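Observations on chain architecture
For reference, the chains in residue letters:
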Amino acid sequence: MMSLKIATFFAIIASALAFVPQGATKAAFQAATAIAPAVIASPAFAADSIIQAMPTTSLALEVQFGAYLAVLLGTFFPCLFLVNLYIQTES
């Protein structure tokens, strides 16, 4: 049961990475690895350095082709299935 939860967690993370530019994932990973020891060492950690480590807004607005593909396929396949199901039930 626990392995199913872990696999589901990693599947959600992998699907969310389709919407993140590759540079941002590196920056987020570096920020997370830099912040983790500091959070463990001191509970009163200032939030200013976390904000500075985050990617800029111009980088956050970039969309990869995989994101467009995921949205298009995730929209068209269920709609085509429902239209096909409706046509079959009416005939």
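Counting restarts for each chain, with residues numbered from 1 along the sequence as it is written. Local features are withheld for residues below a pLDDT of 70 in this predicted model, meaning they are given only at 70 or higher, and side-chain atom pairs are given and counted only at 80 or more; totals for whole chains, interfaces and linings count all residues. Side-chain metrics in this entry use all non-hydrogen atoms of the structure; hydrogen atoms and water are not considered.

1. Overview of the overall build of the protein chain
The line we're drawing: Here a helix means four or more residues in a row that DSSP labels H or I, a strand means two or more in a row labelled E, and each is numbered from the N terminus. We call a residue buried when its accessible area falls under 20% of the maximum for its residue type, exposed when it is over 50%, and partly exposed in between, using a 1.4 Å probe and counting protein chains only. Note on areas: these come from Shrake-Rupley sampling with a 1.4 Å probe, and a residue is covered only by the protein chains present in the view.
Along the backbone of the protein chain there are 5 helices and 0 strands. If you list the helices and strands of the protein chain from N to C, you get α-α-α-α-α. Per-residue burial over the protein chain gives 5% buried out of 91 residues. Accessible area for the protein chain stands at about 7,600 Å²; split by element, carbon and sulfur atoms hold 75% of it.

2. Side note on a nonpolar patch on the surface
What counts here: Here, patches come from residues exposed beyond 30% relative accessible area and free of salt bridges, joined within 9 Å for like charges and within 5 Å for nonpolar side chains (Val, Leu, Ile, Met, Phe, Trp, Tyr). Put simply, a salt bridge is a Lys or Arg side-chain nitrogen that is within 4 Å of an Asp or Glu carboxyl oxygen.
A cluster of nonpolar side chains, Val-63, Phe-65, Tyr-68, Leu-69, Leu-72, Leu-73, Phe-76, Phe-77 and Leu-80, forms an exposed patch at the surface whose accessible area comes to about 960 Å². Here Leu-69 is to be found in helix H5 (residues 65–90). What makes Leu-69 partly exposed here is its relative accessible area of 37%.

Bear in mind that shape data such as this cannot, by itself, settle questions of function.
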